[in-house]
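Structure assessment
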Amino acid sequence: MKTGKYLPKIGTFDGAGFWKRAFAHQRGNLLRVVQVPDDQIKILVNKSYQELPAPLRFEIETSGIREENLK
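In this text, all values refer to a predicted model and were calculated from it rather than measured experimentally. (Residues numbered from 1 in each chain as written. Predicted model: local features only at pLDDT ≥ 70, side-chain atom pairs only at ≥ 80, totals over all residues. Heavy atoms only, no water.)

**Digging into the nonpolar core**
- By size, the foremost hydrophobic cluster in this structure holds 17 residues, and its most contacted members are Phe13, Leu30, Leu31, Val36, Leu52, Leu56 and Ile60.
- Mapped by element, the contributors of at least two residues to this core are helix H1 (15–21), helix H2 (24–33), helix H3 (38–44) and helix H4 (54–62).
- Discounting residues that sit within four places of it in the chain, Phe13 has contacts with Phe18, Leu30, Ile60, Glu61, Ile65, Arg66, Glu67 and Leu70. (Core = buried A, V, L, I, M, F, W, Y, C linked by side-chain atoms within 4.5 Å. Buried < 20%, exposed > 50% of the residue type's maximum accessible area, 1.4 Å probe, protein only. Helix = DSSP H or I, 4+ residues; strand = E, 2+ residues; numbered from the N terminus. Contact = heavy atoms within 4.5 Å.)

**Let's talk about the pattern of salt bridges**
- For the structure on display, the rule yields three salt bridges.
- In this structure, Arg32 engages Asp38 in a salt bridge whose closest nitrogen and oxygen atoms are separated by 3.6 Å.
- Here Arg32 falls in the partly exposed class, since its relative accessible area comes to 46%.
- Glu68 is the partner of Arg66 in a salt bridge, and the nearest nitrogen-oxygen pair spans 3.4 Å.
- Judged by its relative accessible area of 53%, Arg66 falls in the exposed class. (Salt bridge = Lys/Arg side-chain N within 4 Å of Asp/Glu carboxyl O.)

**Digging into the packing of aromatic side chains**
- Considering all chains together, one arrives at two aromatic pairs under this definition.
- Between Phe13 and Phe18, the ring centres sit 5.7 Å apart and the planes meet at 55 degrees, which makes this aromatic pair tilted. Of the two residues, Phe13 and Phe18, neither departs from the other in class, the shared state being buried. (Phe/Tyr/Trp six-rings, centres within 6.5 Å; stacked < 30°, edge-to-face > 60°.)

**Details of the side chain of Arg27**
- Relative to the elements of secondary structure, Arg27 occurs in helix H2.
- The residues touching Arg27, leaving out its near neighbours within four places in the chain, are Phe18, Trp19, Ala22, Val45, Asn46 and Lys47.

**Some remarks on the side chain of Gln26**
- Position of Gln26 relative to the elements: it lies in helix H2.
- Each residue touching Gln26, except ones within four places of it in the same chain, is listed here: Phe18 and Leu70.

**Quick look at H2**
- When we look at burial in H2, the residues that qualify are Gln26, Arg27, Gly28, Leu30 and Leu31.
- If you follow the buried residues of H2, they end up packed against H1, H3 and H4.
- At the exit of H2 stands Gln35, carrying a positive phi of roughly 65 degrees.

**Observations regarding unusual backbone geometry**
- Backbone geometry at Gln35 places phi at a positive 65 degrees, although glycine is not the residue there.
- With respect to the helices, strands and loops of the structure, Gln35 is situated in the loop between H2 and H3.

Okay, here's the thing in structure tokens:
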């Protein structure tokens, strides 16, 4: 097996499911965990999950966040 510099992350978090069930402050907490700037958080919390930029969704889904840590 060839070992490359790039190893894909493994998806562990149901970002879409959490986003659908979460209130704005919980969404904000999630975005803070993945280090989104506060001015962007105010804009993004009111968007649907599919409207978030793809790299941000990827980061949320593969960051290893647990839903218990966001409540």
